[in-house]
Amino acid sequence: MEGWALAYEVTARKWRPQEFDGVIGQEHVTTTLKNAIQAGQIAHAYLFAGPRGVGKTTTARILAKALNCVDGPTVTPCNVCTFCREISEGRSVDVLEIDGASNNRVEQVRTHLLESVKYTPSQGKHKIYIIDEVHMLTKEAFNALLKTLEEPPAHVYFIFATTDPRKVIPTVLSRCQRFDFRRISGPTIVDHLAMISEKSGYDVQREALALIARRVDGSMRDAESLLDQVVAFGGEALTAGEAAEVLGIVDQDVYFELLDIVAEQDVPKGLELVDRIFGQGHDLEEIVLGILEHLRNLLVVKAAPEAEVLIGDAALALDRFREQAGRFETEDLLRLSQLATQMEQSVKTSALPRVQLETGVVRMIRIARSVQLTDVMARLSEMARRVETEEGGAEEGGAGDGGEASGTEVSGTEAPETPSSQTVDSTAGTAPAPSPAPDANADQSSATSTEPSTVTELPAASSESSPESTESAAASTESSAATPTSPKLDLREARNRWPAIVDEITRQRNGLGILLAEAVLSDCSLPDDAGPEAPFRLTLRFESGHVFHMQQMEKRENKSLIQSESTRVLGIPVRIECEIDESAAAYVTKPKTDDAGAEMTGGGGSTAAEITTQKTDDAAASMSGDDDPADDAGADDAGAGLDEYPGSAEEIVSETPDTTTAGKTGGQAANTRAGAAKDPAVRKIVEAFDGQIVTD
Ligand SMILES: [Zn+2]
């Protein structure tokens with residue numbers, strides 16, 4: 001490394017600015033200094049504070065020249081007179097540079113500093129002390145300094161520099177005029193390096209220079225030094241990829257590739273990429289930080305498309321960021337960032353960082369799926385709103401009920417024994433009650449026998465016609481998506497808590513956790529013949545290709561861990577069963593002839609049930625203030641209506657009494673459903689969804 005230190009010295013000296021206007025990125029300092037010199041109001045002690053390599057010592061030397069130049073004091077030292085040249089070359093006897101880090105003993109301060117203060121400068125006009133890293137001086141040394149600082153002789157100037165101004169004692173601080181030097185921005189560094197490259201005859205890609213800039217945390221001196229290294233190792237013509245290799249850092253392309261994979265939801269590709277990164281020997285912590293930074297850049301671009309400055313040197317790839325940001329919703333990116341932050345922690349602390357990285361990447365890839373659902377929900381509720389607006393009069397009543405109904409939902413998701421689960425019971429009671437729309441019912445049962453459907457519920461509830469029953473109708477439409485009618489646990493609740501279970505198992509047995517994350521909770525119920533103390537049955541569904549996954553789950557020690565963790569998290573005894581989804585897609589409804597009559601929505605297999613469940617999960621986060629019951633009911637029924645009963649909705653509308661509030665709400669929902677069924681775009685969305693939805 002000696003060689004590099006030398007090279008760095010050479011470059012730093014070669015490109016070191018020799019006048020105030022040459023100091024890059026510190027105009028706020030140099031302008032003030034020039035004004036002071038012009039006004040003849042130069043302070044006797046300055047403190048230059050700021051990170052390393054941003055120009056503090058350089059500015060100090062220029063100030064020294066400005067004072068001692070044969071033309072001085074001047075804002076433009078000539079740089080040719082003896083005084084200037086000696087200062088530039090570091091051999092002026094009147095300008096003493098002292099490194100606080102190595103001269104921190106009080107005797108040395110005395111000999112080097114205080115003693116020489118007594119004597120007038122030998123040839124120049126002023127005696128100037130530049131003390132670097134002044135905070136390193138001991139307290140005694142500081143105190144020795146103070147005496148001189150209190151009453152400095154007219155010919156003496158002090159310029160202190162520090163990277164840690166908080167460590168400079170207040171009595172010294174109070175006697176100095178302080179300037180804070182800034183980190184130099186990425187683009188500024190890139191511009192400067194480009195200038196150096198050009199003048200040196202290098203052909204280094206701008207993206208490669210950006211990589212250097214990203215590395216040096218605002219330090220121009222480090223940037224110049226790194227440019228030297230990169231060119232020395234990689235040659236004078238360099239691409240970004242070559243520079244990345246020399247610097248041992250991960251090329252930005254890797255992050256673009258990863259986020260593309262996340263957008264495409266390709267788990268195998270994601271694992272391949274991790275394997276490749278690992279094979280290249282990169283530091284995995286750095287990778288995770290890189291992912292975080294990339295996500296942050298995407299967020300910035302998403303939030304403020306013109307904010308080049310905000311993403312610093314990444315601005316060079318602005319178009320790429322813009323394009324990639326377009327593949328995600330802001331909500332996605334926030335959630336992905338959250339995941340990446342967790343991943344950072346786990347990679348840092350784990351004994352198996354690679355496994356943590358893999359788990360994290362798989363989660364990132366999977367999380368995007370459920371976010372897509374949010375998008376669909378937004379569209380569906382937008383449509384519901386549109387239909388509602390057309391209807392006009394019914395809006396107020398609907399909105400009022402919506403507030404209450406959504407309140408019920410929220411409490412329902414948090415605690416199983418809240419009104420939400422009670423409404424499940426009440427639904428069970430009301431649903432078989434005489435329906436005011438027998439025709440619709442008949443129509444449906446002729447359409448298909450496998451799905452008794454939520455569609456019949458709304459008119460049924462409407463006929464009860466009290467505000468409470470409207471509320472419970474809206475809520476029960478939600479709850480009925482969950483299979484069991486138990487007051488203790490339903491599928492929605494179980495799914496809400498499922499990620500916590502997977503997390504815990506991943507923590508304890510990582511490999512198992514990864515496999516488990518591929519499972520979908522497809523059923524949660526008490527077995528028909530179960531006694532009151534019987535465990536709940538949680539069914540894990542795996543895609544047809546995942547036989548291996550299922551076999552692992554069936555292993556006794558694995559199963560018992562999953563069971564015990566589920567029992568612990570859910571607070572009730574749980575038994576795990578596994579099933580393979582034989583159909584091609586994970587969420588195609590399996591024929592459920594056996595329990596079609598008993599269960600409201602056929603065991604969580606239908607698209608409608610999925611959307612309902614997902615809606616409650618995501619709605620609070622992404623669609624706040626959007627809790628109209630017509631949305632909820634409309635969305636549910638739109639799904640069901642689209643999939644199974646494209647015609648029935650309108651019939652229900654015509655049958656619905658329109659005189660009470662409840663009737664209006666019901667009619668509204670049915671109308672929405674009708675609208676949904678007619679809208680080919682929505683139909684397309686729901687169809688596209690089938691087989692993709694993953695509860696998160
Ligand atoms: Zn001069």
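Note that the structure is predicted; figures quoted are calculated from it, not measured.

*Asks:* I tried to follow the overall build of the protein chain on my own but got confused; where do I start?
*Replies:* Along the backbone of the protein chain there are 31 helices and ten strands. Taking the contacts inside the protein chain whose residues are at least 6 apart along the sequence as the reference set, 74% of them involve residues at least 24 apart. A total accessible area of about 30,200 Å² is found for the protein chain, and carbon and sulfur atoms account for 51% of it.

*Asks:* How do you make sense of the coordination of the zinc ion when you look at a structure like this?
*Replies:* Tetrahedral coordination by four donors sets the ideal angle at the metal to 109.5 degrees; octahedral coordination by six donors sets it to 90 or 180 degrees. Every protein donor of the zinc ion is accounted for by C69 (SG), C78 (SG), C81 (SG) and C84 (SG), and the metal-donor separations fall at 2.2 to 2.3 Å. The coordination sphere of the zinc ion comprises four donor atoms, whose angles at the metal cover 103 to 121°; the geometry is tetrahedral. Taken in chain order, the donor set of the zinc ion reads C-x8-C-x2-C-x2-C.

*Asks:* In this structure, what is going on with the side chain of D490? I would like to understand it.
*Replies:* Structurally, the position occupied by D490 is in the loop between helix 22 (467–479) and helix 23 (491–508). Buried charge without a salt bridge: D490, with R492 as the nearest opposite-charge side chain at an N-O distance of 4.9 Å. At a separation of 2.7 Å, a polar atom in the side chain of D490 contacts the main-chain amide nitrogen of E493.

*Asks:* Could you clarify how one ought to interpret the packing of aromatic side chains in this entry?
*Replies:* Each aromatic ring pair is described using two quantities: the centre-to-centre distance and the angle formed by the ring planes. According to the stated counting rule, one finds seven aromatic pairs in the structure shown. Between Y129 and F158, the ring centres sit 5.5 Å apart and the planes meet at 25°, which makes this aromatic pair stacked. You can see Y129 sitting in strand 3 (residues 127–132) and its partner F158 sitting in strand 4 (residues 156–162), a full 29 residues away along the chain. We note that Y129, like F158, is buried. When the ring of F256 is compared with that of F321, the centres are 4.8 Å apart and the planes differ by 50°; the resulting orientation is tilted. Here F256 is found in helix 12 (residues 252–264), whereas its partner F321 is found in helix 15 (residues 318–325), with 65 residues between them in sequence.

*Asks:* Teacher, can you tell me more about the nonpolar core here?
*Replies:* Ranked by internal contacts, the top residues of the largest apolar core, which has 52 residues, are Y46, F48, L63 and I212. Viewed by domain, this core spans two of them, domain 1 (2–180) and domain 2 (186–247), each represented by three or more residues. Every residue in contact with I212, bar those within four places of it in the chain, is listed here: L193, A223, L226, L227, V230 and L247.

*Asks:* Would you explain the sheet that holds strand 10 (residues 574–580) in this entry?
*Replies:* Sheet strands associate in pairs through backbone hydrogen bonding, adopting either a parallel or an antiparallel arrangement. Read from one edge of the open sheet, three strands run 8-9-10, paired in mixed fashion. Each having just a single partner strand, strand 8 (520–525) and strand 10 make up the two edges of the open sheet. Direction aside, the axes of adjacent strands within the sheet are offset by 25° on average. Here five bridges tie strand 8 to strand 9 (residues 536–542), and the two strands are oriented antiparallel to one another. Bridge pairing in strand 9 links L521 to L540.

*Asks:* When you look at the pattern of salt bridges in this model, what are you seeing that I'm missing?
*Replies:* Working definition: two side chains of opposite charge can pair if their charged atoms are close together. Across all of its chains, the model carries 30 salt bridges by this definition. Notably, a salt bridge pairs D180 with R178, separated by 3.0 Å at the nearest N-O pair. Its relative accessible area of 38% is what places D180 among the partly exposed residues. One salt bridge in this structure joins R327 and E264, with 3.4 Å as the shortest N-O distance. With R327 in the loop between helix 15 and helix 16 (330–349) and E264 in helix 12, the pair connects residues that are 63 residues apart, well separated along the chain. Judged by its relative accessible area of 39%, R327 is partly exposed. The class of E264 is partly exposed, set by a relative accessible area of 41%. Salt bridges linked by common partners bring E86, E89 and R91 together as one network.

Criteria and cut-off values
- Residues numbered from 1 in each chain as written.
- Predicted model: local features only at pLDDT ≥ 70, side-chain atom pairs only at ≥ 80, totals over all residues.
- Heavy atoms only, no water.
- Helix = DSSP H or I, 4+ residues; strand = E, 2+ residues; numbered from the N terminus.
- Contact = heavy atoms within 4.5 Å.
- Areas by Shrake-Rupley, 256 points an atom, 1.4 Å probe, with all protein chains shown as cover.
- Donors = N, O, S within 2.8 Å, 3.2 Å for Na, K, Ca; no water.
- Tetrahedral: all angles 85-135°; square planar, octahedral: opposite > 155°, others 65-115°.
- Buried < 20%, exposed > 50% of the residue type's maximum accessible area, 1.4 Å probe, protein only.
- Lys, Arg positive; Asp, Glu negative; His and termini not counted.
- Salt bridge = Lys/Arg side-chain N within 4 Å of Asp/Glu carboxyl O.
- Polar contact = N/O pair within 3.5 Å; in protein donor to acceptor, adjacent residues only side chain to side chain.
- Phe/Tyr/Trp six-rings, centres within 6.5 Å; stacked < 30°, edge-to-face > 60°.
- Core = buried A, V, L, I, M, F, W, Y, C linked by side-chain atoms within 4.5 Å.
- Domains from an automatic or database assignment.
- Pairing = 2+ DSSP bridges.
- Axes fitted to C-alpha atoms, helices over the stretch in contact; angles between N-to-C directions.

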